[in-house]
Amino acid sequence: MIRLYDDPDAVSRAAADYFMRQARRAVEARGRFSVALSGGRTPRRTYELLAQPPRRDGISWPHIHVYWGDERCVAPDDERSNALMARRSLLDYVPVVWDHVHPIRCEGDPNTGALRYDELLRERFSDRGAGLDLVFLGLGRDGHTASLFPHSPVLAEKERLAAEVSTAGQQMRRVTMTPQMINAAGVVVFLVTGAEKASILSTVLADRSGPAKLPAQFIRPHSGRIIWMVDRAAAAHLPPDRKRSTEAGTHAPRKIKTQ
Ligand code: 6PG
């Protein structure tokens, strides 16, 4: 499902509202809500909105369990840390229980960090990774998502729920949830904004029935629930029928089935 919005701020508001609704439902039904956060620039505004009233007060924070889809293996106070970004924009401002916050710690030894995160995920979820209610993801211009990069061996990983990534050309080592883990989630939400994402977004969405080539195409939740929240600029290269609905767009999202 693609949901089209006018601009990045509308995408952020929609994503924050979606988080709030899903959290309420999950807490009512099961007493907890487990979410995997994304790094990158795009979700920051969503996190900030969640940290402010009225959304902040509409979420039962003690019942929220926080994980990360990926992490750059840098010191916790390094500006590139995904956990630090989420703390500064959200977690430091809400009454979350710190025991329920599970950053990926991999600065010293990425391989050990990945093994530990894999074990943690197995303890908290099933061996297949089932149990995350929501995963937020971004989309890189090369089609990567989380730290799943093109041609990475991690894309073919069938056992591990988290793995180390050492991809040629990357400046730092990383740890990522594997497609196996992400695809077991209840819902996966991609947040994609800006003209620089238009080309890759249309490529990734062009043919989702064929074999996956780009990392983002490996994300196919078993439950079938995947939502692309995109703005007009990112949607600019979508095929004409989809583009027409963008241009006719209102503040309300347009929903388009993708699979
Ligand atoms: C990371 C991310 C990564 C990101 C995309 C999009 O830690 O780098 O998890 O997958 O989501 O690169 O990043 P932007 O939102 O900054 O465009």
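Residues numbered from 1 in each chain as written. Predicted model: local features only at pLDDT ≥ 70, side-chain atom pairs only at ≥ 80, totals over all residues. Heavy atoms only, no water.

Undergrad: An account of the side chain of Glu164 is requested, with residue identities and associated values reported.
TA: Residue placement: Glu164 occurs in strand S6 (residues 162-165). Looking at Glu164, its side chain comes within polar contact range of the side chain of Arg173, at 2.8 Å. The contact partners of Glu164, leaving out residues within four places of it in the chain, are Pro110, Asn111, Ala114, Val154, Arg173, Arg174 and Val175. (Helix = DSSP H or I, 4+ residues; strand = E, 2+ residues; numbered from the N terminus. Polar contact = N/O pair within 3.5 Å; in protein donor to acceptor, adjacent residues only side chain to side chain. Contact = heavy atoms within 4.5 Å.)

Undergrad: Hey, could you go over the nonpolar core for me, with residue numbers and the actual values?
TA: With 85 residues, the main nonpolar core has Phe19, Trp68, Trp228 and Met229 as its most contacted residues. Element by element, the count of residues in this core is highest for helix H1 (residues 8-30), at 11 residues. Every residue in contact with Met229, bar those within four places of it in the chain, is listed here: Arg3, Tyr5, Val11, Ala14, Ala15, Tyr18, Val189, Phe190, Leu191 and Val192. (Core = buried A, V, L, I, M, F, W, Y, C linked by side-chain atoms within 4.5 Å. Buried < 20%, exposed > 50% of the residue type's maximum accessible area, 1.4 Å probe, protein only.)

Undergrad: Can you lay out the pattern of salt bridges for me, pointing to particular residues and giving the numbers?
TA: The tally for this structure, following the rule as stated, stands at 15 salt bridges. Ionic pairing is found between Asp57 and Arg56, a salt bridge with its closest N-O pair at 3.6 Å. What makes Asp57 exposed here is its relative accessible area of 57%. Looking at Arg56, the relative accessible area reads 27%, which means it is partly exposed. (Salt bridge = Lys/Arg side-chain N within 4 Å of Asp/Glu carboxyl O.)

Undergrad: How would you summarise the site of the ligand if you had to cite specific residues and measurements?
TA: Surveying the vicinity of the ligand reveals 15 residues, the closest of which are Arg41, Thr42, His144, Ala146 and Lys197. Contacts to the ligand include Asn82, whose side-chain N or O atom sits 2.8 Å from an oxygen atom. Interatomic distance of 3.3 Å between a side-chain N/O atom of Arg174 and an oxygen atom of the ligand. Protein contacts shield 92% of the accessible area of the ligand, which totals 420 Å² for the unbound molecule. Here the residues of the shell around the ligand sort into two nonpolar, eight polar and five charged. (Near = heavy atom within 4 Å. Areas by Shrake-Rupley, 256 points an atom, 1.4 Å probe, with all protein chains shown as cover. Nonpolar A, V, L, I, M, F, W, Y, C, P; charged D, E, K, R; others polar.)

Undergrad: Run through the state of the cysteines, naming residues and quoting values.
TA: Per the counting criterion, the structure on display carries one disulfide. Note that Cys73 is cross-linked by a disulfide to Cys106, the S-S spacing being 2.3 Å. With the S-S bond torsion at -105°, the cross-link from Cys73 to Cys106 turns out left-handed. Of this pair, Cys73 sits in the loop between strand S4 (70-72) and helix H3 (82-89) while Cys106 sits in the loop between H3 and helix H4 (110-124), placing them 33 residues apart in sequence. (Disulfide = S-S within 2.5 Å.)

Undergrad: Can you explain the sheet that holds S4? Please cite residues and give values.
TA: Taken in spatial order, the three strands line up as S4-S7-S6 in an open sheet, and their pairing is antiparallel. The sheet terminates laterally at S4 and S6, the two strands that pair on one side only. On average, each strand axis in the sheet is tilted by 20° relative to the strand beside it, whichever way the strands run. Summarising the sheet, S6 and strand S7 (residues 174-177) pair through four bridges and their orientation is antiparallel. Residue pairing for S7: Val165 is matched across the bridge by Arg174. (Pairing = 2+ DSSP bridges. Axes fitted to C-alpha atoms, helices over the stretch in contact; angles between N-to-C directions.)

Undergrad: How would you sum up the pairing of strand S9 (residues 226-231)? Please name residues and give values.
TA: Residues in a regular strand project their side chains so that they alternate between the two faces of the sheet. The element S9 is extensively covered by neighbouring structure, given that six of its six residues are classed as buried. On S9, burial covers both faces: Ile226, Trp228 and Val230 on one face and Ile227, Met229 and Asp231 on the other are all buried. Pairing geometry for strand S1 (residues 2-5) and S9, over four bridges, is parallel. In the strand pairing of S9, Leu4 is matched with Val230. Taken together, the five bridges between strand S8 (residues 187-192) and S9 define a ladder with parallel strand orientation. Paired with Leu191 across the strands is Met229, a residue of S9.

Undergrad: I'd love a proper account of H4, names of residues and values included.
TA: Helix length check: H4 (15 residues) gives 21 Å between terminal C-alpha atoms against 21 Å at 1.5 Å per residue, within 8%. Those residues of H4 that sit buried are Pro110, Gly113, Ala114, Tyr117, Asp118, Leu120 and Leu121. Angular distribution of buried residues about the axis of H4 spans 165°; they occupy a single face of the element. The exposed set on the far side of H4, more than 90 degrees from its buried face, consists of Arg116 and Glu123. If you follow the buried residues of H4, they end up packed against strand S3 (64-68), S6, S7 and helix H5 (179-182). (Expected span 1.5 Å × (residues − 1). Arc of directions from axis to C-beta.)

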